[in-house]
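# Coordinate inspection notes
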Amino acid sequence: MGQGSGRGRGYLHALRGVAGAVQRRAFSVAIYAVHEGRVLLVHHKRLGVWIPVGGEVEANETPLEAAARELREETGLEGDFGAPAWEGVDGTPRGLLAYEEHAAGSKGLHLNFDFVARVASERIVSDGSFGEHRWVSAEELEKVDAPRNVVQCARRALQTTR
């Protein structure tokens, strides 16, 4: 086995270091709610940064169903997920904006489906899962203390809902 075996151990070692192979992994969703040219961001209590609402996909739930549920539970808003952010791929869920993976602290690795949804109101009824919230325009995005992927997806959400 010699060389092959060594490469396997190296790969697993690299995987643990890069992708968190020994960590918990969970499918999750983030919802970029857009109203009149502004996107909703909430201040994450534990992380101290601005992110979209979202959460983990539950058993027997599709990512789109999870997105609609999380948006409703966390904010009281109903979303119109419209068409996918890109055209031409049969079976793409409505409102799918992006897919990305990120460390979620003690929750392990989130395999995250990002969605965009138009909402009819800016009135939030918080479930207490976040601190402050704000509606952010494209011009304000660069000034918000948010992870880079959040800024990128928020910008894309605003572009696709024009």
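Our subject is the structure listed above.
This one's a predicted model, so the numbers in the text were calculated from it and none came from an experiment. (Residues numbered from 1 in each chain as written. Predicted model: local features only at pLDDT ≥ 70, side-chain atom pairs only at ≥ 80, totals over all residues. Heavy atoms only, no water.)

### Looking at the overall build of the chain
The helix and strand tally for the chain stands at 3 helices and 7 strands. Each helix and strand of the chain, ordered N terminal to C terminal, gives the series α-β-β-β-β-α-β-β-β-α. Within the chain, contacts between residues at least 6 apart in sequence are counted, and of these 62% link residues at least 24 apart. Accessible surface, the chain as shown: approximately 9,300 Å² in total, 51% of it carbon and sulfur. (Helix = DSSP H or I, 4+ residues; strand = E, 2+ residues; numbered from the N terminus. Contact = heavy atoms within 4.5 Å. Areas by Shrake-Rupley, 256 points an atom, 1.4 Å probe, with all protein chains shown as cover.)

### Here we look at the layout of surface pockets
In this structure, the largest pocket encloses a volume near 670 Å³. For the lining of the largest pocket, the secondary-structure elements that each account for two or more residues are β1 (25-35), β4 (53-56), α2 (63-75), β5 (96-103), β6 (109-118) and α3 (148-160). The residue inventory of the lining of the largest pocket, partitioned by class, reads 14 nonpolar, 9 polar and 8 charged. (1 Å grid on protein atoms, 1.4 Å probe; cavity = no way out; pocket = protein on both sides within 12 Å on 5 of 7 lines; lining within 4 Å. Points joined across faces, edges and corners; volume = space filled by probe spheres on them. Nonpolar A, V, L, I, M, F, W, Y, C, P; charged D, E, K, R; others polar.)

### Thoughts on the packing of aromatic side chains
Per the stated rule, a full pass over the model turns up 3 aromatic pairs. An angle of 35° between the planes, with centres 6.1 Å apart, marks the rings of F27 and F113 as tilted. One end of the pair, F27, is in strand β1; the other, F113, is in strand β6, with 86 residues separating them in the sequence. For F27, a relative accessible area of 47% corresponds to the partly exposed category. Here a set of aromatic residues connected by ring pairs shows up, and it is made of F27, Y99 and F113. It is R134 that lies over the ring of W50; its NZ or CZ is 5.1 Å from the centre. (Phe/Tyr/Trp six-rings, centres within 6.5 Å; stacked < 30°, edge-to-face > 60°. Buried < 20%, exposed > 50% of the residue type's maximum accessible area, 1.4 Å probe, protein only. Lys NZ or Arg CZ within 6 Å of the ring centre and 35° of its normal.)

### Considering the nonpolar core
Most often, soluble globular proteins keep nonpolar side chains buried together rather than apart. Residues V29, I31, Y32, L40, L71, F81 and F115 are the most contacted members of the largest nonpolar core, which totals 42 residues. Not counting residues up to four positions away in its chain, the partners in contact with Y32 are V39, P52, L97, D114, F115, V116, A117, N149, V150, C153, A154 and A157. (Core = buried A, V, L, I, M, F, W, Y, C linked by side-chain atoms within 4.5 Å.)

### Description of unusual backbone geometry
Even without being glycine, E36 reaches a positive phi, approximately 50°. The class for E36 is exposed, based on a relative accessible area of 71%. The backbone phi angle of N60 is positive, close to 60°, even though this residue is not glycine. Mapping N60 onto the fold places it in the loop between β4 and α2.

### Some remarks on the side chain of E100
Structurally, the position occupied by E100 is in strand β5. Despite its burial, E100 pairs with no opposite charge, the nearest such side chain being R156 at 10 Å. For E100, the side chain forms a polar contact with the side chain of H102, separated by 2.9 Å. Looking at E100, its side chain comes within polar contact range of the side chain of N149, at 3.1 Å. (Lys, Arg positive; Asp, Glu negative; His and termini not counted. Salt bridge = Lys/Arg side-chain N within 4 Å of Asp/Glu carboxyl O. Polar contact = N/O pair within 3.5 Å; in protein donor to acceptor, adjacent residues only side chain to side chain.)

### Here's the deal with α2
In this model, α2 (13 residues) spans 18 Å end to end at C-alpha, consistent with the 18 Å of a helix rising 1.5 Å per residue. Looking one or two residues past α2, G76 carries a phi angle of roughly 80°, positive in sign. (Expected span 1.5 Å × (residues − 1).)

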